[in-house]
Amino acid sequence: MATAMKYHAKAQSTFEIPLLAGDNAFLGDVFSSDQTNPDKPMSAGLYRLKKGEPLVYTYTYDEMKIILEGDYTITDGTGQSVTASPGDVFYFPKGSTITFTTTNYGLAFYCGQRKHSDF
């Protein structure tokens, strides 16, 4: 039996990203595979940060992120820091602590090895 794909048209501009922390960090899963693959779930969605308070996040799963719009300064627990712009791709291994800041605004797409979350 065939399984239908899922589709969210123009997600980059139409998906309502829920507030994650403070008043400037937003994150939301657009799709998750935990219903069809509970042993190896995967979730993907959008992360937006507006100028203001940095977001410090410790990953309990592996994640990859691609910057879509704006800019981020991304710093890991070792002190490595990158000024990220559209097209840059990151891998955050489980256990890493990452600090995200922006000079104005940033939007990124992520894919993480975890179940759907409402944070």
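- Under the annotation held in an unreviewed UniProt entry, the protein carries the name Ethanolamine utilization protein and is attributed to Neonectria punicea.

1. Quick word on the overall build of the protein
Logical step 1: Helix and strand counts for the protein come out as one helix and ten strands.
Logical step 2: Here the protein has a C-alpha radius of gyration of 14 Å; the compact-globule value for 119 residues is 14 Å, and the two agree.
Logical step 3: For the protein, the spread of C-alpha atoms along the principal axes amounts to about 50 × 30 × 25 Å.
Logical step 4: By residue count, 36% of the 119 residues in the protein fall in the buried class.
Logical step 5: For the protein, the accessible area works out to roughly 7,300 Å², and carbon and sulfur atoms hold 55% of it.
Logical step 6: Across the protein, the centroid of the 10 positively charged side chains sits 4 Å from that of the 13 negatively charged ones.

2. Side note on the sheet that holds strand E2 (residues 25-32)
The pairing of strands in a sheet happens through backbone hydrogen bonds and is either parallel or antiparallel.
Logical step 1: Read across the sheet, six strands follow the order E1-E2-E3-E10-E5-E8 without closing on themselves; strand pairing throughout is antiparallel. Looking at which strands have only one partner, the edges of the open sheet turn out to be strand E1 (19-21) and strand E8 (89-92). If you compare each strand with its neighbour and ignore which way they point, the axes differ by 30° on average.
Logical step 2: Where strand E3 (residues 43-50) lies against strand E10 (residues 105-112), eight bridges are found, and the strand directions are antiparallel.

3. Topic: the side chain of aspartate 71
Logical step 1: Examined against the element boundaries, aspartate 71 turns out to sit in the loop between strand E5 (63-70) and strand E6 (72-76).
Logical step 2: A distance of 2.8 Å separates a polar atom in the side chain of aspartate 71 from a polar atom in the side chain of threonine 103.
Logical step 3: When residues no more than four places from it in sequence are discounted, the contact partners of aspartate 71 are Ala84, Thr101, Thr102, Thr103, Asn104, Tyr105 and Gly106.

4. Some points on empty space enclosed by the protein
Logical step 1: Scanning the model with the defined rule gives one cavity of 30 Å³ or more in all.
Logical step 2: The space that makes up the largest cavity amounts to roughly 60 Å³.
Logical step 3: At the level of secondary structure, the elements contributing two or more residues to the lining of the largest cavity comprise strand E4 (55-58) and E5.

5. Points about the pattern of salt bridges
Logical step 1: Summed over the entire model, instances satisfying the criterion amount to two salt bridges.
Logical step 2: Between glutamate 63 and lysine 65 there is a salt bridge whose closest N-O contact spans 2.8 Å. Each member of the pair, glutamate 63 as well as lysine 65, carries the same accessibility label: buried.

6. Observations concerning the nonpolar core
Logical step 1: Membership of the largest hydrophobic core comes to 18 residues, with the highest contact counts inside it found for Tyr47, Tyr59, Ile67, Tyr72, Ile74, Phe92 and Phe100.
Logical step 2: Those elements that provide at least two residues to this core are E2, E3, E4, E6, E8, strand E9 (97-101) and E10.
Logical step 3: Leaving out residues up to four positions away in the same chain, phenylalanine 100 has contacts with Tyr47, Leu49, Pro54, Leu55, Tyr59, Lys65, Tyr72, Thr73, Ile74 and Phe92.
Logical step 4: Counting residues in hydrophobic clusters, the runner-up holds seven residues, among them Phe15, Ile17, Phe26 and Leu46.

7. Examining the pairing of E2
Logical step 1: Of all eight residues in E2, seven are buried, a share of seventy percent or more.
Logical step 2: When E1 meets E2, the two strands line up antiparallel, connected through two bridges. Opposite leucine 19, over in E2, you have phenylalanine 26 as the bridge partner.
Logical step 3: The antiparallel hairpin formed by E1 and E2 contains three residues in its connecting segment, where glycine 22 sits at a positive phi of about 55°.
Logical step 4: When E2 meets E3, the two strands line up antiparallel, connected through seven bridges. Across the sheet, leucine 27 pairs through a bridge with tyrosine 47, a residue of E3.

Cut-offs applied
Residues numbered from 1 in each chain as written. Predicted model: local features only at pLDDT ≥ 70, side-chain atom pairs only at ≥ 80, totals over all residues. Heavy atoms only, no water. Helix = DSSP H or I, 4+ residues; strand = E, 2+ residues; numbered from the N terminus. Rg over C-alpha atoms; globule rule 2.2 N^0.38 Å. Buried < 20%, exposed > 50% of the residue type's maximum accessible area, 1.4 Å probe, protein only. Areas by Shrake-Rupley, 256 points an atom, 1.4 Å probe, with all protein chains shown as cover. Lys, Arg positive; Asp, Glu negative; His and termini not counted. Charge placed at Lys NZ, Arg CZ, Asp CG, Glu CD. Pairing = 2+ DSSP bridges. Axes fitted to C-alpha atoms, helices over the stretch in contact; angles between N-to-C directions. Polar contact = N/O pair within 3.5 Å; in protein donor to acceptor, adjacent residues only side chain to side chain. Contact = heavy atoms within 4.5 Å. 1 Å grid on protein atoms, 1.4 Å probe; cavity = no way out; pocket = protein on both sides within 12 Å on 5 of 7 lines; lining within 4 Å. Points joined across faces, edges and corners; volume = space filled by probe spheres on them. Salt bridge = Lys/Arg side-chain N within 4 Å of Asp/Glu carboxyl O. Core = buried A, V, L, I, M, F, W, Y, C linked by side-chain atoms within 4.5 Å.

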